[in-house]
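# Structural description and commentary
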Amino acid sequence: MAKSDGSKANRRPPGIYLDNQATTPTDPRVVEAMLPFFTERFGNPHSSAHAFGWDAEEAVEQAREQLAALIGASPREVIFTSGATESNNLAIKGAARFHRERRPQVVTLASEHKCVLESARQLEREGHRVDILPVGADGLVDLDLLARTVTEETAVVSIMAVNNEIGVIQPVAGIAAICREKGAYFHCDAAQAVGKLPLDVAALGIDLLSISGHKFYGPKGIGALYVRRRPRVRLEPLIDGGGQERGLRSGTLATPLCVGLGAAAAIAAAEMESESARISALKTRLLEGIRKRLSGVALNGHATLRIAGNLNLAFEGVDAEALMRAMPGLAVSSGSACTSTAVEPSYVLRALGLQEARARSSIRLAVGRFNTEAEIDATVEELAAQVARLRREGSAAAE
Amino acid sequence: MTVYLDYNATAPIRPAALAAMTAALAAPGNASSVHGPGRRARRLVEAARAQVAALVNADPAWVVFTSGGTEANNHALAGLPAARILISAGEHDSLRQAAPTAQRIPLTPDGVVNLDALAAMLKDAPAGCLVSVMLANNETGVIQPIAEVVALARAAGAWVHCDAVQAAGKIPLDMQALGIDLLSLSAHKLGGPPGVGALLARPELPLQPLLRGGGQERRRRAGTENLPGIAGFGAAAEMALEDLPVFEKLGELLQHFEREIKMLAPEVKVFGAAVARLPNTACVALAGLPAETQLMALDLAGVAVSSGAACSSGKVQPSHVLAAMGASAEEAGAAIRVSLGWASVPGDIDCLLAAWGDLYRRSQAA
C-alpha cells in the first residue's frame, strides 16, 4: 500500500458502509424468514402434485400480498422478476413492443438508470421513436416539456420515482396525469423509492412500477413489476416458458427470494416512518458535520425534494476516485454501481448540467437502516481529513 | 416423514451450497462497486464462475449468470441472429414458447431426437441456423446424442444450443469436447438455490443481451449480481461434480424400482427403457390408471412424485414429450415421473413401491 495510509491507519473507520443505494445489507429478519425455504420447505411452487409444492406456493402468495400491500396494489397485479433491471426491461420493451403499431413512441429522461436508457436505445434500434428528455439543474423533470412531448402515439413514459445517484424525488402524480391524458402508460422505476417513501400506485396513477429486493434490505436476485389490471396494461413478455406469473414472466419462482422480498416489504411498511426520521437525522448530522469542517462542498440535486438517506456531494478541487482510494474503510461511490468499474464521470450529474470537473469531484453517501451516529461521526472525521489532505497535495502539485 | 422423489422439479439445497449462500448473505457488497465490500463480492462471484465452468468443462469467461434456466434458454434463442431455429419436439416449454415458430425435430418412440430428420432439415436450411437440443429430457431422462447433433450442425454451419438443466450434475458433461456453442444451467436442479442459473456462451458468438442496462456479465446480462445465489450455485456445482459417482449409484436404485414395479404390474411401461437415460429419472405408466389418481394416493402415503413437468402440471394436458414419442393420450395421461437426487436413500424407493403396490392392488380389486 502507499505510504500515505500508514500512520493514520488506526484512525480510519473500520468498514463503514454508506453505499446503501448500490445495495443494502439483507435484514437479519429477512434472512430468518427465507432460510426455511432453502432447506426443509424447498418445494417448487409450481409442483401442483404434492404437499411440498403447495407449501411453497402458499408462501409465495403470502409474499405477493405483503408486497402488494406496501404499494397499494392488489396481489394479482404483482409479477415477480429477477430484479429491477429485468422489471424495467420488461415494462419498457414489453409495453412498447406490444403497442408498436399504434404507439411507436417512448419517452424517458436523461437521468434514468442505465437499464431504462439501454432498453429505450434497443427499442430505437427496433424502429421505435425515443425521446430522452433533459432534466433541470435540480434533477427534476420539466413537466411542461413532458406535456408537449407525450402524444397519442406514446406507448410508455418511463420516469423514476427517486434517482439512484442524487436521490431526487420526481413529481410522480403530475407525470401520471400527463400520461393519462394521452392514454400512454406511465412506468415508474421505483427501485430506490419502495420501502423508503409511501407509494400508492392507485392514488398516484402509476401503470407499471419496478421494485428491487436488495435496495430495501431484501435479498438480491429478486424484484417485481406492478402491472395495473384496471384498466389492463398489456405487455409482451421477455421470458417465455411455463407461463408462470400470468404468462408475463416464465420460470420457476425462487420461493425463498419471494419470501424474503415479502418480509422486507412487511418490515418497511411497519417501520418506514420511524426509520425515515432516523435516517434523515443521520443524514443531516453527516451534512452539517462535513460543512462545519470543510468549505467548497456543494450538494448535487434538489436540496429538499430528495429521499432521507441520500447525499451527493461535490468536494471542490478533489478527485472523487482519489478520495475513495484514500478511504478504503469507507464504502461510498461515485456514479452508479453498475458503471463504476468504468472510470467515467457520472452521466446523471452531467445531465444536471454540471461541469465535468464538478462531476469528477462528486461522491454519493447513502445512509441506511444499519448506520449509527458513531459511524456518521467517524465518516465526517475521515472525509474532512482526507479532503483537506488531497487539497493540500493538489495545491502543492500545482505550484 | 415425507419421501421426496421429485428432484427434476427442484432439489433440496446441498449443505455446502447453503453455507456458501448464508456466508454471502452476510456480506453487504454490490459486486459492481469498487470499494472493499464490492471487491469482496466480486471475488465470490468469480470463484463461483470457475466452479460452474468446471462442472461442464467450460472456460469461466463463457459463464453468464442469469436468474435461472428459463432465462438462459430464452436468452440463447433471442440473443443470436439465427436465420432459422430448429428445436427438438421434446424441449422444455421455456424453449418451445420462446420460439413458437421454430421448426420441430421429431423424436423416435424411445424419445431420442431423430438424427435423420435433423440431417434432412439442415440440408434445406440456410447457413446460420440455431439448433437447440437438450442434453437430457426432464420428463423421461432420455439422454440425447449431442455429439452427433453438433456434427450435423457444424457441417451445415449452424450453432448448437444445449439445455443441460436436467443433465448437469447427474452425468459427466464436457461442453468443450462436445463442441456445444451455448449451454443452459439451473442451480436449483442440482442442489443450489432457486433464482439463479447460467447461460454458457462461447465469446466469439454475436450474442445480444436479453436484459439491458449496466455492463455486468461482460455486457451480456445486465442487473446487480445475485451474490448469495451465485455463491450457492458455485458451491452446489462443485459438490455435484464431486458427487457424480453418487448419481451413478442412484442408477442402480432406479433400476431396482423399475424391476420391482414391473414385478407388481408387468404391463407397466417405462418410457425410453431401451435407450440411455439419466441415472435418476424414470417415467412410468400403467394404461388405465390415471396419473392424478396415482399422485393423490402417493401424496396421501407421503410420497411426492409428479406427472409431466412441474411448470405445466397445474394444467391438465398430456405431456408434449410423451406425445412426441407417440404415446397414446391414455398412456400419457397415466404417466408419473420418479426422480431421485443427492439426498435420496433406498428406503425412499421402498416407500414408493409399497404405496404404489397398495394402489395397484386396490385398482385391480375395484
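Reading guide: rules and limits
- Residues numbered from 1 in each chain as written.
- Chains lettered and ligands numbered in written order.
- Predicted model: local features only at pLDDT ≥ 70, side-chain atom pairs only at ≥ 80, totals over all residues.
- Helix = DSSP H or I, 4+ residues; strand = E, 2+ residues; numbered from the N terminus.
- Rg over C-alpha atoms; globule rule 2.2 N^0.38 Å.
- Buried ≥ 20, exposed ≤ 12 C-beta atoms within 10 Å, placed from the backbone.
- Contact = placed C-beta atoms within 7 Å.
- Expected span 1.5 Å × (residues − 1).
- Arc of directions from axis to C-beta.
- Pairing = 2+ DSSP bridges.
- Axes fitted to C-alpha atoms, helices over the stretch in contact; angles between N-to-C directions.
- Nonpolar A, V, L, I, M, F, W, Y, C, P; charged D, E, K, R; others polar.
- Domains from an automatic or database assignment.

Let us look at the overall build of chain A. When helices and strands are counted, chain A shows 12 helices and 12 strands. Its C-alpha radius of gyration of 22 Å places chain A within 12% of the 21 Å reference for a compact globule of 399 residues. In terms of principal-axis extent, the alpha carbons of chain A reach across some 70 × 55 × 35 Å. Among the 399 residues that make up chain A, the fraction classed as buried is 58%. Sequence separation of at least 24 residues holds for 75% of the intrachain contacts in chain A that already meet a minimum separation of 6.

Our focus in this paragraph is helix α10 (residues 244–264) of chain B. Residues and elements named next belong to chain B. The terminal C-alpha atoms of α10, which comprises 21 residues, lie 31 Å apart, in line with the 30 Å expected from a rise of 1.5 Å per residue. Those residues of α10 that sit buried are Phe247, Leu250, Leu254, Phe257 and Ile261. Across the axial projection of α10, the buried residues extend over an arc of 55°, all falling on one side. Away from the buried face of α10 by more than 90 degrees, exposed residues Pro245, Glu252, Gln255, Arg259 and Met263 are located.

What follows is about the sheet that holds strand β4 (residues 129–133) of chain A. Residue and element names in this part refer to chain A. Read across the open sheet, the seven strands follow the order β2-β8-β7-β6-β5-β3-β4; overall the sheet is mixed. Bordering the open sheet on either side are β2 (78–81) and β4, each of which pairs with just one other strand. Taking each pair of neighbouring strands and ignoring which way they run, the sheet shows an average axis angle of 20°. Two strands pair when backbone bridges link them, and strand β5 (residues 154–158) and strand β6 (residues 185–189) are joined in this way by three bridges, in the parallel orientation.

Consecutive side chains along a regular strand alternate between the two faces of the sheet. Of all five residues making up strand β12 (residues 362–366) of chain A, five are buried, and the element is well covered by its neighbours. What you see with β12 of chain A is no split at all: Ser362, Arg364 and Ala366 of chain A on one side and Ile363 and Leu365 of chain A on the other are buried throughout.

Okay, the interface of chain B and chain A next. Each partner contributes residues to the interface: chain B has 56 residues there, and chain A has 58 residues. Within the residue set of the side of chain B that touches chain A, elements represented by two or more residues are α1 (15–25), α2 (36–55), α3 (69–79), α4 (93–96), α9 (227–242) and α11 (291–300) of chain B. Within the side of chain B that touches chain A, the residues separate by chemical class into 22 nonpolar, 29 polar and five charged.

So, about the domain arrangement of chain A. All names here are of chain A. Once the domains are mapped, chain A shows domain 1 (13–26 + 272–398) and domain 2 (28–267). Once you take the C-alpha centre of each, domain 1 and domain 2 turn out to be 28 Å apart. Contact with domain 1, which involves 27 residues of that partner, is made by 31 residues of domain 2. Mapped onto the side of domain 1 that touches domain 2, the elements with two or more residues apiece are α8 (255–293), β10 (310–315) and α10 (347–351). Among the elements that make up the side of domain 1 that touches domain 2, the one with the highest residue count is α10 (three residues).

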